[in-house]
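# Results of the structural survey
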Amino acid sequence: MKHNLSLADETFKAAFVSGEFFVDCVAIKLTRNGPGSPAGYSAPGALAVTPARGATTRLVVPRDASNPYDPLAFFKESQSLTLGQIVPDHNYFALEATDTAGNVWKHAVAQACVVEETPAATVLTVECALLRLETTLEKPEPGATAMVFMEELSFPDRPSIPPKSLKAAKRPAKASSKASVGMVSGLAVTFDHRRDRPGPRFYELFAENEDSVALDPGFDDRLLEGTRFVTATIATPVMRETILGQKRVVELARIRPSNKGDLIQPPLFVHGHEAEFHRLFERYFEYSRNNAQGEDYAPLSAKISGIFALEGVFVDTVALLLAVTVESILGDDHFSSLGKPEADMSVQVDMLIAQARSVVGVSPKLIERGISAIGSMKSTRAVDKLQALVAAGLIDDADRATWKKLRDSTAHGSFEIDPAQLQKLYDGVYRVSTLAYKLAFLQIGYEGKFSNRAVVGWPIHHFPPGPAAPPSASASPAAPGA
């Protein structure tokens, strides 16, 4: 290993992406995660680290008193498995590898498989999806991150701000002349398509704290959430370097394909709308910063990201997942006040419940079922919330009607595709995907351009569509069955 372990080093990136990066280690230590014997292994070796397989090695561990020779050990372990148990907990180990420069690479969950037991040694293979290296800097830095992707993302082909307007600070990496550059909450965010670069094909995103804004640990994850939303892609970097304060972290990971389908497109065409793209990115980044907890995604990310990975999925399944996603988003606290029944309606529901309890000669179980059904009239359904948004002028009634049609037909198992109506089905999928984006815009506070795929030709429209009063918390719910 003769590389500068930074994503500013082109040779380091090229070696990893090409599958030619190795970490020579004076010790590779494995500590079993859970009960089992032996408790761990340790031996010198070399880790091959590639996007295709992550980190892999084959270790020859000399036998000692803590690991007595048992020629039947492998057989006993294989016999201990039960049906459905493919990789038991005792096959997982915490990995800690010290390289020849003294760097310590770690991963909490590595998989080890014993290949051979001999009186002299145990031979095993080790695999893990990610390696993490953390180092301490001499002086604190305001924050920067760089990521390498193996798939191209839908970023603009040109900047939304003049690159020369950025401060002459040290960049995480040097971008090519045609890179996308824009400001996102005080961060100079660059996506480099690297079309004019020689060498292996990969793509880079890097961000630097240009305005010295206060960043929290995990800001790089929040940027990744924003990237996934604006590109409608479950993009996962194979390399990442993040600097904040005096901590510097480098991660090398196995590739995780985005599984991106063709039906769900990004919320905004990027060409010609570079400034709006970065503003949308900024709104989502701010939303995730304020709502994500620890290593968990922000709630909206967890709900909407599933529709971005639908490659090879039947269109009826896409329709079902879209309908469920819209309903899930509407269940967020942000929409909790929408479409609630008026106070006098709640009083009348309570009167009905009291009358039901007083009925004589009816099974108590049946009465309780009736009370439960009547009580649900106090709650707000997704269709009620959509109706309130229609009344406020924030979505079209066709959005509500199309969502309900897709939701009812797919969820109740009555959905059949008529080849003659296939285009109408696609139209419905595009409209409901646009509805999901509109709900996301409301949640993240975005106002601006978007690609309206509910309209043939997918024109650029503005959200919200025009001056509108905020939806009332007491807006009347839709009639049952509407």
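What you are looking at is a predicted structure, and each value in this text was computed from that prediction instead of being measured.

### Focus on the overall build of the protein
Counting secondary structure elements, the protein contains 11 helices and 13 strands. Taken over 482 residues, the protein has a buried fraction of 44%. Carbon and sulfur atoms form 55% of the exposed surface of the protein, whose accessible area is close to 23,700 Å².

### A word on helix α1 (residues 10-17)
Among the residues of α1, Phe12, Lys13, Ala15, Phe16 and Val17 are the ones counted as buried. Buried residues along α1 sit against β1 (21-32), β2 (40-50), β7 (130-149), β10 (203-209) and β11 (239-253).

### Some points on empty space enclosed by the protein
Enumeration according to the criterion identifies two cavities of 30 Å³ or more in this entry. In this structure, the second largest cavity occupies an estimated 50 Å³ of space. Lining the second largest cavity, in full, are Phe149, Met150, Glu151, Ile234, Ala235, Thr236, Ile255 and Arg256.

### Structural notes on the packing of aromatic side chains
Under the counting rule described, the total for this entry stands at 15 aromatic pairs. Residues tyrosine 41 and phenylalanine 93 carry aromatic rings whose centres are separated by 5.9 Å and whose planes lie at 50° to one another, so their mutual orientation is tilted. Of this pair, tyrosine 41 sits in strand β2 while phenylalanine 93 sits in strand β4 (residues 92-99), and the two are 52 residues apart along the sequence. Like tyrosine 41, the residue phenylalanine 93 is buried in the burial classification. Ring plane angle 65° and centroid distance 6.1 Å describe the contact between phenylalanine 155 and phenylalanine 281, whose orientation is recorded as edge-to-face.

### Some words on helix α9 (residues 382-391)
Among the 10 residues in α9, eight count as buried, and that is most of the element. Restricting attention to buried positions, one finds in α9 the residues Ala382, Val383, Asp384, Lys385, Leu386, Ala388, Leu389 and Val390. A positive backbone phi angle near 80° is found at glycine 393, which sits one or two residues after α9.

### Digging into unusual backbone geometry
In this structure, the amide linkage connecting phenylalanine 463 to the following residue, proline 464, adopts the cis form with an omega of -5°. Considering the arrangement of structural elements, one finds proline 464 in the segment after β13 (460-463). We note that serine 185 has phi near 55°; this positive angle belongs to a residue other than glycine. Within the secondary structure layout, serine 185 lies in the loop between β8 (180-184) and β9 (187-192). Residue class for serine 185 comes out buried when judged on its relative accessible area of 13%. Here tryptophan 458, not a glycine, exhibits a phi torsion of approximately 50°, which is positive. You can see tryptophan 458 is positioned in the loop between β12 (448-451) and β13. A relative accessible area of 24% means that tryptophan 458 is categorised as partly exposed.

### Here we look at the confidence of the model for the protein
Mean pLDDT over the protein: 87, with 85% of residues reaching 70 or higher. Low pLDDT, under 50, characterises residues 468-482; the stretch is placed with 35 contacts to residues that sit more than four places away or in other chains.

### A look at a nonpolar patch on the surface
Judged by side-chain polarity, Val359, Val362 and Leu366 come together as a nonpolar surface patch covering roughly 230 Å² of accessible area. Note on placement: valine 362 falls in the loop between α7 (343-357) and α8 (364-375). Exposure remark for valine 362: the relative accessible area of 34% places this residue in the partly exposed category.

### Topic: the pairing of strand β5 (residues 104-117)
Across six bridges, the pairing between β4 and β5 is antiparallel. If you follow phenylalanine 93 over to β5, its bridge partner there is alanine 110. Between the end of β4 and the start of β5, which pair antiparallel, lie four residues, with glycine 102 showing a positive phi angle near 90°. Between β5 and strand β6 (residues 121-128), which pair antiparallel in sequence order, lie three residues.

### Here we look at the nonpolar core
Core analysis: the largest hydrophobic core is formed by 73 residues, its most contacted members being Phe229, Ile304, Phe308, Leu389 and Trp403. No other element matches the 12 residues that helix α11 (residues 422-444) contributes to this core. Not counting residues within four places of it along the chain, the set of residues in contact with isoleucine 304 comprises Phe229, Tyr284, Thr325, Ile329, Ala436, Tyr437 and Ala440. Grouped together as the second largest cluster of nonpolar side chains are 38 residues, Val23, Leu133, Met239 and Leu252 included.

### Digging into the pattern of salt bridges
With the rule as written, the count across this model stands at 30 salt bridges. Note that glutamate 10 is salt-bridged to arginine 194, the shortest N-O span being 3.2 Å. Pair noted here: glutamate 10 is in helix α1 and arginine 194 is in the loop between β9 and β10, with a separation of 184 residues, a long-range link. Ionic pairing is found between arginine 431 and aspartate 399, a salt bridge with its closest N-O pair at 2.6 Å. Taken together, the residues arginine 431 in helix α11 and aspartate 399 in helix α10 (residues 397-411) connect sequence positions 32 residues apart. By relative accessible area, arginine 431 is classed as buried at 16%. A relative accessible area of 1% places aspartate 399 in the buried class.

About the criteria used
- Residues numbered from 1 in each chain as written.
- Predicted model: local features only at pLDDT ≥ 70, side-chain atom pairs only at ≥ 80, totals over all residues.
- Heavy atoms only, no water.
- Helix = DSSP H or I, 4+ residues; strand = E, 2+ residues; numbered from the N terminus.
- Buried < 20%, exposed > 50% of the residue type's maximum accessible area, 1.4 Å probe, protein only.
- Areas by Shrake-Rupley, 256 points an atom, 1.4 Å probe, with all protein chains shown as cover.
- Contact = heavy atoms within 4.5 Å.
- 1 Å grid on protein atoms, 1.4 Å probe; cavity = no way out; pocket = protein on both sides within 12 Å on 5 of 7 lines; lining within 4 Å.
- Points joined across faces, edges and corners; volume = space filled by probe spheres on them.
- Phe/Tyr/Trp six-rings, centres within 6.5 Å; stacked < 30°, edge-to-face > 60°.
- pLDDT = per-residue confidence, 0-100.
- Patch = residues over 30% accessible without salt bridge, like charges linked within 9 Å, V, L, I, M, F, W, Y side chains within 5 Å.
- Salt bridge = Lys/Arg side-chain N within 4 Å of Asp/Glu carboxyl O.
- Pairing = 2+ DSSP bridges.
- Core = buried A, V, L, I, M, F, W, Y, C linked by side-chain atoms within 4.5 Å.

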